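# Structure at a glance
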Amino acid sequence: MSKTTDNDASTCWAVIAAAGSGERMGSGVAKQYLSVAGHPVICWALRPFLAESRVSGVVVVLAPGDREWSECAPDTGDKLFLTTQGGSERAESVRNGLRALEAYAQPADWVLVHDAARPCLAAEDLTCLLGKLWDDDVGGLLALPVRDTLKQEVPGAGTVQATVARRGMWLAQTPQMFRYQVLCDALDAAIASGERVTDESAAIERAGLSPRLVEARPHNLKITYPQDLGIAEHLLPREF
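All values derive from a computational prediction rather than experimental measurement.

## Observations concerning the overall build of the chain
For the chain, the count of helices and strands is seven helices and eleven strands. Scaling as 2.2 N^0.38, a compact globule of 240 residues should have a C-alpha radius of gyration of about 18 Å, and the chain matches this with 18 Å. Along the three orthogonal principal directions, the C-alpha set of the chain runs to about 55 × 40 × 35 Å. Across the 240 residues that make up the chain, the buried fraction comes to 46%. Considering only residue pairs separated by 6 or more positions, the chain has 73% of its internal contacts joining residues 24 or more positions apart.

## Observations concerning the layout of surface pockets
As a volume, the second largest pocket reaches approximately 320 Å³. For the lining of the second largest pocket, the secondary-structure elements that each account for two or more residues are α1 (41-51) and α4 (123-133). When grouped by side-chain class, the residues that make up the lining of the second largest pocket number twelve nonpolar, two polar and four charged.

## A look at the nonpolar core
If you look at the biggest cluster of nonpolar residues, it comprises 30 residues, and the most contacted ones within it are Ile42, Val58, Val60 and Leu112. Secondary-structure elements contributing two or more residues to this core are β1 (12-18), α1, β4 (55-62), α2 (69-72), β6 (110-115) and α4. If you tally residues by element for this core, the top one is α1, at five residues. What Val60 contacts, discounting residues up to four positions off in sequence, is Ile16, Ala18, Ile42, Leu46, Trp69, Phe81, Leu82, Thr83 and Thr84. Judged by nonpolar contacts, the second largest core, of 25 residues, contains Leu98, Tyr104, Val138 and Tyr180.

## So, the pattern of salt bridges
All chains considered together, the criterion is met by nine salt bridges. Measuring nitrogen to oxygen at the nearest pair gives 3.0 Å for the salt bridge that ties Arg54 to Glu52. Among the salt bridges present, the one from Arg196 reaches Glu89, with a minimum N-O distance of 3.0 Å. On the criterion of sequence distance, the pair formed by Arg196 in the loop between α5 (180-193) and α6 (200-206) and Glu89 in the loop between β5 (80-85) and α3 (90-99) is long-range, its members being 107 residues apart. On the accessibility criterion, Arg196 (62% relative accessible area) is exposed. Accessibility expressed as a relative area gives 35% for Glu89, which makes it partly exposed. Here the residues in one salt-bridge network are Arg90, Asp115, Arg118 and Glu200, joined through shared partners.

## Quick word on the packing of aromatic side chains
Within the structure shown, the criterion is met by two aromatic pairs. A centroid spacing of 6.5 Å and a plane angle of 50° characterise the contact between Trp13 and Tyr104, whose relative ring orientation is tilted. With Trp13 in strand β1 and Tyr104 in the loop between α3 and β6, the pair connects residues that are 91 residues apart, well separated along the chain.

## Brief notes about the environment of Ile191
Positionally, Ile191 belongs in helix α5. When sequence neighbours within four positions are dropped, the list of residues in contact with Ile191 reads Ala91, Glu92 and Arg95.

## Overview of the pairing of strand β8 (residues 150-153)
Bridge count between β8 and strand β9 (residues 160-164): four bridges; the pairing is antiparallel. Residue pairing in the sheet places Leu150 in a bridge with Val164 of β9. Counting the residues between successive antiparallel strands, the hairpin from β8 to β9 contains six residues, one of them, Gly156, with a positive phi of roughly 75°.

Rules used in this analysis
Residues numbered from 1 in each chain as written. Predicted model: local features only at pLDDT ≥ 70, side-chain atom pairs only at ≥ 80, totals over all residues. Heavy atoms only, no water. Helix = DSSP H or I, 4+ residues; strand = E, 2+ residues; numbered from the N terminus. Rg over C-alpha atoms; globule rule 2.2 N^0.38 Å. Buried < 20%, exposed > 50% of the residue type's maximum accessible area, 1.4 Å probe, protein only. Contact = heavy atoms within 4.5 Å. 1 Å grid on protein atoms, 1.4 Å probe; cavity = no way out; pocket = protein on both sides within 12 Å on 5 of 7 lines; lining within 4 Å. Points joined across faces, edges and corners; volume = space filled by probe spheres on them. Nonpolar A, V, L, I, M, F, W, Y, C, P; charged D, E, K, R; others polar. Core = buried A, V, L, I, M, F, W, Y, C linked by side-chain atoms within 4.5 Å. Salt bridge = Lys/Arg side-chain N within 4 Å of Asp/Glu carboxyl O. Phe/Tyr/Trp six-rings, centres within 6.5 Å; stacked < 30°, edge-to-face > 60°. Pairing = 2+ DSSP bridges.

Here you go:
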């Protein structure tokens, strides 16, 4: 597959962050490889990107020494499909995923970064994100407005210090969608500074840009605790 020369063409890439260990699951197996509704979590996470015609290729960023991926790698059809090794922090892992696309992506191409531990992304939400951001100057992310009352804890005490105003507060989700070169530069700057950014939007914000918020469904949960598997099982379709 060669580089696309027309930046107006439907050129979009997906980077799936799958280098985490998922310590809070307490299972001894990385959470992206746990089974839910008959398939590994990561296979469900990949599914909407492999089905989306505007996604030209996918990179899966794996943990060093990953032994599970080869047992569940899906059929990718005619899409470009690559794997690469992650780093010690999310920003480094995603940057490695972007680096794997250097021979294919143009600076203005779009990149969708998604958590391998989010198996319930609806195709409709992905379509909505692509539609709302395709002509945007910056890009943005799926997110959910905060509906519950927020409490700030007294550090280490387990008691309430204050009630935090929820107006204008959103819960960040993935995928997050940004221009290839803009995201590369933002992550490079964040990594060089030593500042820890926990998602791609934070790196873009740090660069002085304002990502757009695209409201998602609450079903796009991230598998973090054992009980999340049961919730995902209920939300996912019966057939893969």
